[in-house]
Amino acid sequence: MLAGVAIVWNSRFVADMSFFLPAHPSAGQQVLVDQIRTGAVSRLLMLAVAGGDARQRAGLSRDLRRRLAAMPEFVSVQNGEAGNIDIDRDFLIRHRYLLSPAVSPERFTVDGLRAAIANSIDLLASPAGLMLKPLLARDPTGELVELLGSLNAGAQPRSVEGVWGSRDGERAMLLVQTRALGSDTDGQEAAIAAIRREFAAAAGAAGVHDARLQLSGPGLFAVNSRETIRSDVTRLSLISTFAIVAVLLFVYRSPRLLLLGLLPVASGALAGIVAVSLAYGMVFGITIGFGSALIGEAVDYSIYFFVQSGRIGVAGWRERFWPTIRLGVLTSVCGFGALVFSGFPGLSQLGLYSLSGVLTAALVTRFVLPQLAGNRTPARDLAGLGRSAARGIDALRVGRWPLLFLAALAAVHLFTHRDVMWHSSISALSSVSAGESAADQALRTDIAAPDSRYMVVVSGADLDGALVAAERAGERLDRLVASGVIGGYDSPARFLPSLATQRARCASLPEAAELRARLQTAQAGSPLAAGKLGAFIDDVASARERCALSRESLAGTSLALAVDALLLQRAEGWSALLPLHPPVGDKRPDIAGAPVRAALAGSGALFIDMKGELDKLYNDYLHEAMLLSLAGFAAIVALLAVTLRSAKRLAGVLLPLLLAVVLVIAGLSVGEQRLHLLHLIGMLLIVAVGSNYALFFDRAKVRGAIEPETLASMLIANLTTAIGFGTLALSKVPVLHAIGVTVGPGALLALLLAAIFVPRPAPR
């Protein structure tokens, strides 16, 4: 146990979204995994400042941006201030000849110059003329206009008092990128705390006493989820532990027996954590939460031992009761063992933890507890409780037919509602509340965050290789834009072209003397004579000397944030993400996948519908959970069939378990609870846990009437199991809640129905 404690001490415990991530993702799912763990999007936090008037909110926004931008926890802080816009504009102007898609050798021929300059002069009469006029002598070919024309200019928040504002103008908006990765929950928590601390200081300094900060983003969700899991696991573990200890004290009337009775529980919990830590390298917080429910089952074995051996001694208990307990343990092992093979990491951890814990608790009860407790254990005499329970069971047996009728109605209800009773989205497993989701969506809309449901993913051995692939994919996407299949797309190559493209554009720029001569010819007779374009010639000459643009060149601009969000570095290389926009004016946000895939065929680019991938991921989980549950059930049936060697006895053991499952699931459905895969796992656990009770009653049929002490021990064990699992029903974590509402009542029903339906002992 000391070695186990040492392993647990050094184990890594996590409570982030990786519980839900696939162990062996497809190519599309890998993009999801990367985005959640290391993607720039997972490091974005949206901030809204409310309270005060518009001028005060703008002042708070500026002060908060200044404070956060100076802190190492943040890579970028944007609020739409003019200073930021000026920096971006200066960058685009300075590097326009490397960034403009219109730059080519033809553009700087005499004819090309004449056409481009004439087009710019025509644009002076358009709304764009206000922007173009001051730059006409410096940028007569209109490269800045070309560059801005390729951007999604509509996707910008509104400006209020010089900073970003919400749609209704009642909040100032900021967009923050943390240095900590999305998977670094500690780093995200520290960054969020820093934001709140600096906001409080800024509001205090400004004297805006009703100022409020609203914050949302993947980092906040991860931090809140971890806190919810942590507090639920702590709270519910304490509740179940105190309740079970109270029951055991009532039964044992001895602190010594209580401590001995908890030894299998502690051993099982320790073994479970050690097994998971060694197998997976870390332990999910939800696994610990689920494990707390196993206290209720693991403690059953010591209850059986102390109550049942009190009259007949250890040797008699081993001879008469251990084979039945052993068979019950093996059925639980079959049920839990099936989960170990899941591709859903959270589920496989639950399976391994439970399997190891139950098996260890049973072995400690069988081999260690008798050595420590001695031959006789002075537990409370519960024979009276057992006899009262027996009389109650006799009375309840008259209700078998009504119960069968009720179960038939439940089965009909489940059949008629089979298409609507299952949750179809992975959001069912998320701890993010509906209120948090609504607030996040409102902030996204206010800050004009792009919808990244559809995207094209390309890869390269290095960053430049990924940019080259992005440019090639962009050429095919341009044709889809022209044909109206998509409304547009974003690309990191737009602000960071590949080296080959940069060299090609640079090579298109003529030397100053040559450019001056061509302008003389092209602008002969034009009101914009070549002699007025000296700044243009100087800029082209400077651009020829700065023919290299790197990621570092973007530092200090908001464009760096945009590029970083679209690039992913992996162990095997780099990937570039190209989010797609629906056609302009299309009321449906959907993009037809078939023409996009056809256009990208053979290019190596991958088209991904993120919602479709999430739905597929969840459906894969659900389908796999169904198969594993069936496999676990089949293993339990096979084990019981081999052991009982009687179809009638097998049917007698299985009937109450199946009835319990049907009644519980129908009850949840009537209560308008939509089921997800953890409810499915709960059904398997009802069978695995409930089989213990059915086997005791089956044993009584073979050996004679069930002893009052045995029946009492089953009642106490059932109560602790129901407490252990049922407490999880109070959890705010959907995964734990589903297990609680399914297994808690299921365990109670399994005992009750086993007592009623397992055939009675034949009269002697």
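Visitor: So what exactly am I meant to see when it comes to the overall build of the protein here?
Guide: Tallying secondary structure elements over the protein gives 28 helices and 13 strands in all. Each principal axis of the C-alpha distribution contributes one length, and for the protein these read about 125 × 55 × 45 Å. Here the protein, with 764 residues, has 54% of them falling under the buried criterion. Contacts in the protein between residues at least 24 apart in sequence constitute 82% of all its contacts with a sequence separation of at least 6. For the protein, the computed accessible surface area is about 32100 Å², with 61% contributed by carbon and sulfur atoms. When the 70 positive and 60 negative side-chain charges of the protein are each reduced to one mean point, those points stand 11 Å apart.

Visitor: Mind showing me how you'd approach the packing of helix 6 (residues 110-123) against helix 20 (residues 512-522) here?
Guide: The description of two packed helices rests on the angle between their axes and on the distance between the axes. Direction vectors running N to C along helix 6 and helix 20 enclose 65°, while the axes themselves pass 9 Å from each other. Note that helix 6 runs across helix 20; the crossing there is right-handed. Taking contact as the criterion, the partners of Val 110, Leu 113, Arg 114 and Ile 117 in helix 6 are, on helix 20, Leu 515, Arg 518, Leu 519, Thr 521 and Ala 522. Residues of the contact of helix 6 with helix 20, tallied by class, amount to six nonpolar, one polar and two charged.

Visitor: It is not clear to me how the packing of helix 24 (residues 610-644) against helix 25 (residues 647-670) should be interpreted in this structure. Could you clarify?
Guide: Relative to each other, helix 24 and helix 25 sit at 150°, their axes nearing to 9 Å. In the crossing of helix 24 with helix 25, the sense of the turn from one axis to the other is right-handed. Judged by residue contacts, Phe 633, Val 637, Leu 640, Ala 641 and Leu 644 of helix 24 engage Arg 649, Leu 650, Val 653, Leu 654 and Leu 658 from helix 25. In terms of residue class, the contact of helix 24 with helix 25 is made up of nine nonpolar, no polar and one charged.

Visitor: Is there a simple way to think about the state of the cysteines in this case?
Guide: What makes a disulfide is a covalent bond joining the sulfur atoms belonging to two cysteines. All told, the structure shown has one disulfide when counted by the stated rule. Disulfide pairing places Cys 506 opposite Cys 547 at an S-S distance of 1.4 Å. The chirality of the disulfide connecting Cys 506 with Cys 547 is right-handed, given an S-S dihedral of about 50°. Here Cys 506, found in helix 19 (residues 499-507), pairs with Cys 547, found in the loop between helix 21 (534-545) and helix 22 (558-565); they are 41 residues apart in sequence, far enough to count as distant. Given the relative accessible area of 10%, Cys 506 is considered buried. The class of Cys 547 is partly exposed, set by a relative accessible area of 24%.

Visitor: Would you mind showing me how to read a nonpolar patch on the surface here?
Guide: Residues Leu 359, Leu 363, Phe 367, Val 368 and Leu 372 make up a contiguous nonpolar surface patch of roughly 410 Å² in combined accessible area. Following the sequence through the fold, Leu 372 ends up in helix 14 (residues 345-373).

Visitor: Any chance you could explain the side chain of Ser 508 here in plain terms?
Guide: One can find Ser 508 in the loop between helix 19 and helix 20. Using a relative accessible area of 6% as the deciding quantity, one classes Ser 508 as buried. Polar contacts involving the side chain of Ser 508 include one to the main-chain carbonyl oxygen of Ala 504, which spans 2.9 Å.

Visitor: I'm lost on the nonpolar core in this one. Help?
Guide: In this structure, Ile 325, Leu 347, Leu 640, Leu 677, Leu 678, Phe 697 and Ile 739 are the most contacted members of the largest nonpolar core, which totals 121 residues. By residue number, the principal contributor to this core is helix 26 (residues 677-703), which donates 16 residues. Residues contacting Ile 325, with those up to four places away along its chain left out, are Tyr 301, Tyr 304, Gln 308, Trp 317 and Phe 696. In terms of nonpolar packing, the next biggest core, distinct from the first, is built from 38 residues, Leu 99, Tyr 454, Ala 473 and Ala 576 among them.

Visitor: Is there a simple way to explain unusual backbone geometry in this structure?
Guide: Residues other than glycine predominantly adopt negative phi, and peptide bonds predominantly adopt the trans conformation. Its identity is not glycine, yet Arg 253 carries a phi of approximately 55°, on the positive side. On the basis of relative accessibility, which here comes to 54%, the residue Arg 253 falls in the exposed class.

Visitor: Explanation requested: the pattern of salt bridges in the structure shown.
Guide: Pairing between side chains of opposite charge can happen when their charged atoms approach one another. Tallied over the entire structure, the rule returns 24 salt bridges. The partner of Arg 518 in a salt bridge is Glu 514, with the nearest N and O atoms 2.9 Å apart. Of this pair, Arg 518 and Glu 514 are both found in helix 20, four residues apart, which corresponds to roughly one turn of the helix. With relative accessibility at 22%, the residue Arg 518 sits in the partly exposed group. Through salt bridges with shared partners, a single network forms among Asp 63, Arg 66, Arg 67, Arg 197 and Glu 198.

Parameters and conventions
Residues numbered from 1 in each chain as written. Predicted model: local features only at pLDDT ≥ 70, side-chain atom pairs only at ≥ 80, totals over all residues. Heavy atoms only, no water. Helix = DSSP H or I, 4+ residues; strand = E, 2+ residues; numbered from the N terminus. Buried < 20%, exposed > 50% of the residue type's maximum accessible area, 1.4 Å probe, protein only. Contact = heavy atoms within 4.5 Å. Areas by Shrake-Rupley, 256 points an atom, 1.4 Å probe, with all protein chains shown as cover. Lys, Arg positive; Asp, Glu negative; His and termini not counted. Charge placed at Lys NZ, Arg CZ, Asp CG, Glu CD. Axes fitted to C-alpha atoms, helices over the stretch in contact; angles between N-to-C directions. Left-handed = near helix turned anticlockwise from the far one by under 90°. Nonpolar A, V, L, I, M, F, W, Y, C, P; charged D, E, K, R; others polar. Disulfide = S-S within 2.5 Å. Patch = residues over 30% accessible without salt bridge, like charges linked within 9 Å, V, L, I, M, F, W, Y side chains within 5 Å. Salt bridge = Lys/Arg side-chain N within 4 Å of Asp/Glu carboxyl O. Polar contact = N/O pair within 3.5 Å; in protein donor to acceptor, adjacent residues only side chain to side chain. Core = buried A, V, L, I, M, F, W, Y, C linked by side-chain atoms within 4.5 Å.

Structural measurements only, silent on function.
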